[in-house]
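Report on the structure
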Amino acid sequence: MHDLAFVRANLPLVEEKLRARGADTAALTDFAALDAERRSAITEAETLKAQRNAISAEFGRRKRAGEDVHQLEAQTGTLKSQLEHAESLAASADERMRTLLEGLPNLPHDSVPTGKSEHDNVCVKTWGDIPQFDFTPQSHIEIGENLGIVDFERGAKISGSRFVLHFGSGARLERALANFMLDLHTGKHGYAEVLPPYMVNSKSLFGTGQLPKFAEDLFHCDDKGPYVPGELQENDHWLIPTAEVPVTNIFRDETVDLGETISFCAYTPCFRSEAGSYGKDVRGMIRQHQFQKVELVKFATPESSYAEHERLTEHAEAVLEALGLPYRRMLLCTGDMGFSSAKTYDLEVWLPGQQTYREISSCSNFESFQARRANIRYKPAGAKKSEFVHTLNGSGLAVGRTYLAILENYQQADGSVRIPTALQPYMGGETVITKQSLGRVL
């Protein structure tokens, strides 16, 4: 969310930045009028309060002196009615202003290229050699089904479309990847591991920017009744779309000690409705309703947040490099960034079965946008007042997409899949995944 004073003082800049994102700036056409109405109503209410207080003081003085107070009683009654009306107008204008500000996306950082879509994103780094095969590479769907380690049909039978079952070495590969990523980030990169709840309330989703705008992308539990837009509850439940939500909200409504950057990593399932994506990546593990992810979250000072953004992105890249998976880093343009982001890098891994790069991590700096919504502050050294922290997050990595990238990049002519050296200790020394034999199960 944006600071009202900043928008007021920089309205042309805010409009320019939002237009660069392709955002609708129509709401800002009424900003000046609404701001003037709000300030006038607040001033009127404060003036009436001052008059009421003065009359109350005079009333007390006269009462103690035994003087007549009937005229003051009449004035008090009139002022009470006027004050209630003025406060109602001020509250209404304040709510409309808050709604306006809450609906505006974050402003892009000056280093973000201007563009309309993913076609305008800029490749800033490539790593690794594209694997060359002396056979036609298969997709992860064909590889997994032929090896008997994934089952999309039975996953759909159990839960519907966009769910999958993992068996044998496939199930172990998911677990191995998660453990490998957590060990790398906690042991080498200095993150503290956290295991958060998998359900959150509306206030948490508002804090990170998913609500109210993106409710249709989420799974809402009906234990507390239907979600009512505009009502941010503390006792309703949503399945988390990413660990970013519960981990960022650890410090909601708190003032934290930022003597140094706070870095968390968390391994959780993630649940997304994928609203509006039907017909896109219907088959396979690219776009599922449930998937696992290791998430990286940082709380930093404004002065250090962009250096931390580079560092966080490099930590996500380190996973791909340790696994020998070719990738590229894309700097997203203004028109392709998420609602809350000021700057985002996407990491895209090479998939031989599709002969293309696909996103496997998104690393963003939100500056103070989320912290303002969630009221997360810190007190700079020597300062009298607290300020909003900067929040950052990125996938480190999406486990399912890393899984399918390994299947496709390490596939062999006989249909088996080599296990990257770094993962072998997590696979009990297994070096190759071959066709699974699970008795009568398959």
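Residues numbered from 1 in each chain as written. Predicted model: local features only at pLDDT ≥ 70, side-chain atom pairs only at ≥ 80, totals over all residues. Heavy atoms only, no water.

A separate point is unusual backbone geometry. Leaving glycine aside, a negative phi is the common case for residues, and trans is the common case for peptide bonds. Cis geometry is adopted by the peptide bond preceding P212, which originates at L211 and carries an omega value of 0°. Examined against the element boundaries, P212 turns out to sit in the loop between α9 (202-208) and β6 (219-220). Here G396 and L397 are connected by a cis peptide whose omega angle stands at 15°. On the secondary structure map, L397 appears in strand β16 (residues 390-398). Look at Q355: it is not a glycine, yet its phi comes out positive at around 55°. In this fold, Q355 is placed in the loop between β12 (343-351) and β13 (356-365). (Helix = DSSP H or I, 4+ residues; strand = E, 2+ residues; numbered from the N terminus.)

Any two aromatic rings considered together are summarised by their centre-to-centre distance and by the angle between their planes. For the coordinates displayed, the defined rule picks out 9 aromatic pairs. A centroid spacing of 5.2 Å and a plane angle of 70° characterise the contact between W350 and Y357, whose relative ring orientation is edge-to-face. Like W350, the residue Y357 is buried in the burial classification. One aromatic cluster in this structure is built from F214, F339 and F369. One residue, R329, lies across the ring of Y345, its end atom 4.6 Å from the ring centre. Taking the ring centre of F206 as reference, the NZ or CZ of R373 above it sits at 4.1 Å. (Phe/Tyr/Trp six-rings, centres within 6.5 Å; stacked < 30°, edge-to-face > 60°. Buried < 20%, exposed > 50% of the residue type's maximum accessible area, 1.4 Å probe, protein only. Lys NZ or Arg CZ within 6 Å of the ring centre and 35° of its normal.)

Let us now look at the sheet that holds strand β14 (residues 376-378). Strand order in the open sheet formed by 3 strands is β8-β14-β15, and the pairing between neighbours is mixed. Two strands lie at the open edges of the sheet, namely β8 (254-256) and β15 (387-388), each paired on one side alone. (Pairing = 2+ DSSP bridges.)

With that out of the way, let us pick up the pattern of salt bridges. The tally for this structure, following the rule as stated, stands at 22 salt bridges. The salt bridge partner of E58 is R61, with a shortest N-O separation of 2.7 Å. Placement of the pair is E58 and R61 together in helix α4 (residues 31-65), with a separation of 3 residues, close to one helical turn. Look at E58 and you get partly exposed, because its relative accessible area is 23%. For the salt bridge of E295 with K293, the shortest nitrogen-to-oxygen distance reads 2.4 Å. Both residues of the pair, E295 and K293, belong to the buried class. Counted as one network, the salt bridges with shared partners bring together K125, E310, E317, E321 and R329. (Salt bridge = Lys/Arg side-chain N within 4 Å of Asp/Glu carboxyl O.)

Turning to the pairing of strand β10 (residues 290-300), a few remarks are in order. The element β10 is largely enclosed, with a buried count of 10 among its 11 residues. Direction of pairing for strand β9 (residues 262-271) relative to β10: antiparallel, over a ladder of 10 bridges. Within β10, the position partnered with F264 by the bridge is V297. Where β10 and β16 come together, 7 bridges link them in antiparallel fashion. Its bridge partner lying in β16, K298 is registered against L392.

A general trend in soluble globular proteins is that nonpolar side chains are found buried together. Counting 49 residues, the largest nonpolar core has L177 and L423 as the members making the most contacts within it. For this core, the elements supplying multiple residues, two or more each, are α6 (140-147), α8 (168-187), β10, α11 (305-322), β12, β13, β16 and α13 (399-409). With 8 residues, α8 is the single largest residue contributor to this core. In contact with L177, not counting residues within four places along its chain, are L323, V399, T402, Y403, I406 and L423. Counting 17 residues, the second largest nonpolar core, distinct from the first, contains V194, L258, I262 and A266. (Core = buried A, V, L, I, M, F, W, Y, C linked by side-chain atoms within 4.5 Å. Contact = heavy atoms within 4.5 Å.)

What follows deals with the layout of surface pockets. Taken as a whole, the second largest pocket encloses approximately 350 Å³ of empty space. In this structure, the second largest pocket is lined by 16 residues; those nearest its centre are H2, F6, N106, L107 and E367. If you list the elements that add at least two residues to the lining of the second largest pocket, you get α2 (11-20) and α12 (369-374). Considering only residue class, the lining of the second largest pocket consists of 7 nonpolar, 4 polar and 5 charged. (1 Å grid on protein atoms, 1.4 Å probe; cavity = no way out; pocket = protein on both sides within 12 Å on 5 of 7 lines; lining within 4 Å. Points joined across faces, edges and corners; volume = space filled by probe spheres on them. Nonpolar A, V, L, I, M, F, W, Y, C, P; charged D, E, K, R; others polar.)

Moving on, we come to the packing of α6 against α13. Contact geometry for α6 and α13: axes closest at 9 Å, N-to-C directions at 85°. On the basis of their axis angle, the class for α6 and α13 is roughly perpendicular. Note on element contacts: α13 touches α6 through L404, L407 and E408, opposite H140, I143 and G144. By residue class, the composition of the contact of α6 with α13 is 3 nonpolar, 2 polar and 1 charged. (Axes fitted to C-alpha atoms, helices over the stretch in contact; angles between N-to-C directions. Parallel < 35°, antiparallel > 145°, perpendicular 65-115°, else oblique.)

The next point concerns the environment of T356. By secondary structure assignment, the location of T356 is in strand β13. When its relative accessible area of 27% is taken as the criterion, T356 is described as partly exposed. Between the C-alpha atoms of T356 and Y410, which are 54 residues apart in sequence, the distance is 16 Å. Those residues within four positions of T356 in sequence are excluded, and the remaining contacts are V349, W350 and L351.

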